[in-house]
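Given next are the chains, with one letter for each unit.
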Amino acid sequence: MARKSRRFISSVALSSFLVLSFNAYSSANLQTIKVGAICTTPKKIIKQGGILFTCKTINSHLARWVKGTNSVLVLPTPTPTPTPTPTPTPTPTPATSLSNTFYQAIKIYPNKVEPKPVPSSDPLGSIVVPSGISTPPSGANVRLWISDPRMPSRALQSTGAFIGNTSAGTVSSFIPANADGSFYTTLAQGKYWIDIVEPGPYPNPALNRHRYILEVSSSGAVSISGLIPDSNGVYVVTVDVITPLSSAGLAFQNKITQLANKPITDFQPTSACQLIDQTSITRNLNTTLTDGFPQIAFRQKTSGAVNALIVPIDFPDVQGVSDPVKLFTSTANGTQNFWSAMSYGQLSINFTIIPQWIKMPFLSTKYGMGSNANGNTDGQPGQYTADVIKYLDGSIDFANYDEVYFLAPDTIPTTSIAYGPAFVTPFYTVDGGIANGAVGGADMYQTLRNGVVGGDWKWMAHETGHTLGFFDEDFKHQQTTLGNWSIMAMNWSNTGLEVGAWDRYIKGWLLDSQVSCFSLDELSSTPKEISINPIESQDRNLKSVMVPLSKTKILVVESRKNLGLDVLSPETEGVLVYTVDMTKPTLGGGYQTIARTGSKLPTMEDATLHAGDFVTVDGVVIRVTSENPKSDQISISR
């Protein structure tokens, strides 16, 4: 949801034909192919070791690698010997295996989208600044004229604007405007936000203040994201018109507000391990994510079928040239397969793709969401999303979808939209509203170009995790406290991608019967012996041992194997031990891996315990007594 601060080296994107040719005739692939392993791009062909492999659809919702280009898959018989290299292996299908009964193939949106006409007040330089406005004082490098959005040629009787440095949090100063709508001030080099204030009374039922992102260069020159000044260097700015909600919008608002305000005390734990989230005791529409019980009532449902819509959008300065259906099919398939596997078949996110690029009436840089020489910036993703929805409202049947993704083309540069976040607060439309979704930026393509297998769908699956209510599980995108052990902690990992036992437990995907819950009082110097199945196994067997260390912190033990969507070597397979602190919010580093002795990698990929290893956490000793490809035997004591 929040921006990512890691850096990537850009590379030239090859055409889909060249990529296919490279995959088909080169063995230098990032992925090691094994017959029967899950794949996410049907019909893709890769040559490895002189043998061609094809990604073949096996049933209505699963694709696996087969040998040759016209083969029928025969799953290999599982063997107790681990594979010697970190390759994906087929998911076992025992009699108790779960299956997704909600799956639907990708659909194409049935209607051509005809957006609203571009308004004459569109801020692309089409509004003429009136002649005769006040002369700017000497040295004023910020020169604005405040237009009335209801009559763009008329000055808005705005009282002025709040201005703050983007690196200084909410610290700001108010500067008054002139009666003729002109606004002048002088700012030093740096990056600023500027809020144009609406006329009173406050709150104004018809108008609302609007924020712009302004940057001053070392020479004192001013630029405003997405705006073009006139010949005198004057920018036209305005405020937002508040559109009254339709009856459907009001009904949606009432429904979602009621869900958002559902008291946390309504939840009754069924196990001592169901710790209550401490970051959202009082819940409302601003409560969006949690790492404890209970699930936030207005977040995306975690079981059944979820209808999702992909809306391809481009801009006057950044054109979409790829076929959006071809571009986003693998993105949708990968996201659907991922969350189906994480939920053990209880959830299916079913996608519809609009087969056309829809051009926005503003520049891609307008909302300051790009990166620059000084790093990355959050900009205004909320305002960006609101304006995209406003432009498309009435042209798309948003009421038919639970999730909506507004995706930029693969030509989008990082200077326009570096990172596309999820949105988890509602936007209201003429036919109801949208509560869950994401906007896409350059990051979903860059990771793919820089060696992350399935980087596009991993981006979308991560952002979808936020709509399901999951935290970012690292610390401020600066330290991987959990390591590469979840898509919510590191969504461009090629290794431990699957979400852990705790996340599956709080969403109801793991049952109480699949978790051995021990209180501290139940533990003693006499070890308790437990066998746990890999978290990746699609079955209802025991998956985890959990111990509440306090009312706000839990110890979690789970088995991670080279199964499903985890790609692990024999050295990195094993027992993962971590704690979750209910008091730490998203990006607070509340998920913390407990590494074995000898672990050195900051990504924690070598942190898992093997036979004979043990760790001690707040006096609780977890030891691995034996291991095999299908389970791990552990002991737990104090």
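That block above? That's the structure.
What comes next is a walk through the structure. (Residues numbered from 1 in each chain as written. Predicted model: local features only at pLDDT ≥ 70, side-chain atom pairs only at ≥ 80, totals over all residues. Heavy atoms only, no water.)

Some remarks on the nonpolar core
Thought 1: Core analysis: the largest hydrophobic core is formed by 90 residues, its most contacted members being Trp339, Leu392, Phe406 and Trp502.
Thought 2: Broken down by element, this core gets its largest block of residues, eight residues, from helix α3 (residues 324-342). (Core = buried A, V, L, I, M, F, W, Y, C linked by side-chain atoms within 4.5 Å. Buried < 20%, exposed > 50% of the residue type's maximum accessible area, 1.4 Å probe, protein only. Helix = DSSP H or I, 4+ residues; strand = E, 2+ residues; numbered from the N terminus.)

Concerning the side chain of Ser544
Thought 1: Tracing the backbone through its elements, the reader meets Ser544 in strand β27 (residues 544-548).
Thought 2: Classification of Ser544 as buried rests on a relative accessible area of 0%.
Thought 3: Of note is the side chain of Ser544, whose polar atom sits 2.8 Å from the backbone oxygen of Val557.
Thought 4: Those residues in contact with Ser544, other than ones at most four positions away along the chain, are Ala501, Gln514, Val515, Ser516, Ile532, Val556 and Val557. (Polar contact = N/O pair within 3.5 Å; in protein donor to acceptor, adjacent residues only side chain to side chain. Contact = heavy atoms within 4.5 Å.)

Remarks on the sheet that holds strand β28 (residues 553-560)
Thought 1: With respect to topology, five strands assemble into an open sheet ordered β25-β27-β28-β29-β30, the strand pairing being mixed. Since the sheet does not close on itself, it has two edges, and those belong to β25 (515-517) and β30 (591-593), each with one partner. Averaged over all pairs of adjacent strands, the angle between strand axes in this sheet comes to 25 degrees, irrespective of strand direction.
Thought 2: Bridge count between strand β29 (residues 574-581) and β30: three bridges; the pairing is antiparallel. Across the sheet, residue Thr579 finds its bridge partner in β30, namely Gln592. (Pairing = 2+ DSSP bridges. Axes fitted to C-alpha atoms, helices over the stretch in contact; angles between N-to-C directions.)

Some thoughts on α3
Thought 1: Between the first and last C-alpha of α3 there are 27 Å, a value that for 19 residues agrees with the 27 Å anticipated at 1.5 Å per step.
Thought 2: With respect to burial, α3 is a largely interior element, 17 of its 19 residues being buried.
Thought 3: The distance from a side-chain oxygen at the start of α3 to the backbone nitrogen of Val325 is 2.9 Å, and the residue carrying that oxygen is Asp323.
Thought 4: Tyr344 occupies a position one or two residues after α3 and carries a positive phi of about 55 degrees. (Expected span 1.5 Å × (residues − 1).)

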